[in-house]
Amino acid sequence: MGPALALIVAVVFFPAGVMFWNSTRHISQSGVDKGSAGFENFVTVFTFESFWPIFLRTILWVVVVVSVTIVLSLVIAQVLNKSFPGRKIVRLAVIIPWAASVVMTTMVVYYGLEPYFGIINKFLVDVGLISTPEGFGWTRNPGTAFMWSIIVAIFVSLPFTTYTILAGLQTVPSETLEAAKVDGAGPARTYFTVVLPQLRSALAVAALINIINVFNSLPILKVMTGSIPGYDADTIMTMVFKYIENQHRVDVASALSVVAFIIVIVIVAVYVRVVKPMREV
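What this report covers is the structure whose coordinates are included nearby. (Residues numbered from 1 in each chain as written. Predicted model: local features only at pLDDT ≥ 70, side-chain atom pairs only at ≥ 80, totals over all residues. Heavy atoms only, no water.)

**So, helix H9 (residues 187–198)**
Now for step 1: The first and last C-alpha atoms of H9 sit 15 Å apart over twelve residues, in line with the 16 Å expected at 1.5 Å per residue.
Now for step 2: Taken together, the buried residues of H9 touch helix H3 (51–80), helix H7 (142–170) and helix H8 (174–182). (Helix = DSSP H or I, 4+ residues; strand = E, 2+ residues; numbered from the N terminus. Expected span 1.5 Å × (residues − 1). Contact = heavy atoms within 4.5 Å.)

**Topic: the packing of helix H1 (residues 2–22) against helix H13 (residues 250–275)**
Now for step 1: Remark: H1 packs on H13, axes separated minimally by 7 Å, with the N-to-C direction vectors making an angle of 120°. By the angle class used here, H1 and H13 are oblique. As H1 runs across H13, the sense of the crossing is left-handed. Contact with H1, carried on its side by Met19, Phe20 and Asn22, involves Val250, Asp251, Ser254, Ser257, Val258 and Phe261 of H13 and no other residues of that element. (Axes fitted to C-alpha atoms, helices over the stretch in contact; angles between N-to-C directions. Parallel < 35°, antiparallel > 145°, perpendicular 65-115°, else oblique. Left-handed = near helix turned anticlockwise from the far one by under 90°.)

**Let's talk about the pairing of strand S2 (residues 33–36)**
Now for step 1: Sheet analysis places strand S1 (residues 25–27) next to S2, joined by two bridges and oriented antiparallel. In the sheet register, Ile27 faces S2, and the bridge partner there is Asp33.
Now for step 2: The turn joining S1 and S2, which pair antiparallel and follow one another in sequence, is formed by five residues; a positive phi near 95° is taken by Gly31. (Pairing = 2+ DSSP bridges.)

**Remarks on the nonpolar core**
Now for step 1: Judged by nonpolar contacts, the single largest core of 65 residues is most densely connected at Trp61, Leu199, Phe215, Ile236 and Leu256.
Now for step 2: Excluding anything up to four places from it in sequence, Phe215 contacts Thr58, Val62, Asn210, Ile236, Met237, Ala260, Ile263 and Val264. (Core = buried A, V, L, I, M, F, W, Y, C linked by side-chain atoms within 4.5 Å. Buried < 20%, exposed > 50% of the residue type's maximum accessible area, 1.4 Å probe, protein only.)

As structure tokens, then:
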């Protein structure tokens with residue numbers, strides 16, 4: 001276990017320790033440590049006027065992306081679990097958003113929404129959802145840019161979640177399904193009372209990993225909302241990035257990272273306590 005523990009210490013505990021240390025220091029824009037700052041950096045974070053809107057937007061971002069991803073993945077996994085011509089090809093196609101670069105996928109959507117030459121924008125004009133291609137700047141408005149970021153996040157989260165649920169479906173005993181059929185249960189009742197309860201572990205793992213990944217997600221929001229001034233489309237992670245990139249405040253960024261770390265730990269602890277993912281059905 002030695003090499004594994006050494007790797008964990010090197011790539012997890014050491015960076016986390018540096019983050020906690022920096023959050024209590026006063027670090028200049030040039031990176032010089034000027035001594036202890038106590039809790040001053042945390043005060044800066046919590047007294048920032050946009051912190052609470054950013055915090056609530058982060059929770060909204062996580063809840064919507066994870067919830068919609070789980071529901072869609074349940075449907076897709078159920079379809080992929082059936083036998084039909086070309087099933088292997090479809091299963092491979094589902095992996096593509098997962099295998100492709102998140103930045104590349106987001107850039108495709110970003111330029112597809114451009115008013116004058118974006119193919120997505122042109123399609124929305126053709127189907128009558130918007131009147132003119134130049135009349136709506138999807139990526140120029142905080143609300144719509146954030147909405148499209150959610151759509152992209154759901155799209156790239158589907159493959160992992162779908163395959164996790166599909167793996168769970170493979171473990172459902174055929175004898176159980178046959179017994180439900182013999183007892184007169186229809187397809188809907190069989191699914192909700194027999195199949196879905198046995199997907200508990202798969203759903204719990206998929207939801208937990210998605211919560212952590214989505215909360216810590218930066219590339220999608222950075223590409224989709226990075227050019228928008230102000231903080232009306234930010235989450236905690238993009239705000240950390242702005243503290244570092246724009247203001248060169250490593251100390252305040254570290255303090256906000258510590259806050260984010262604690263939020264994630266609390267969410268995971270509550271989730272595990274309530275859901276009990278390892279409990280047998």
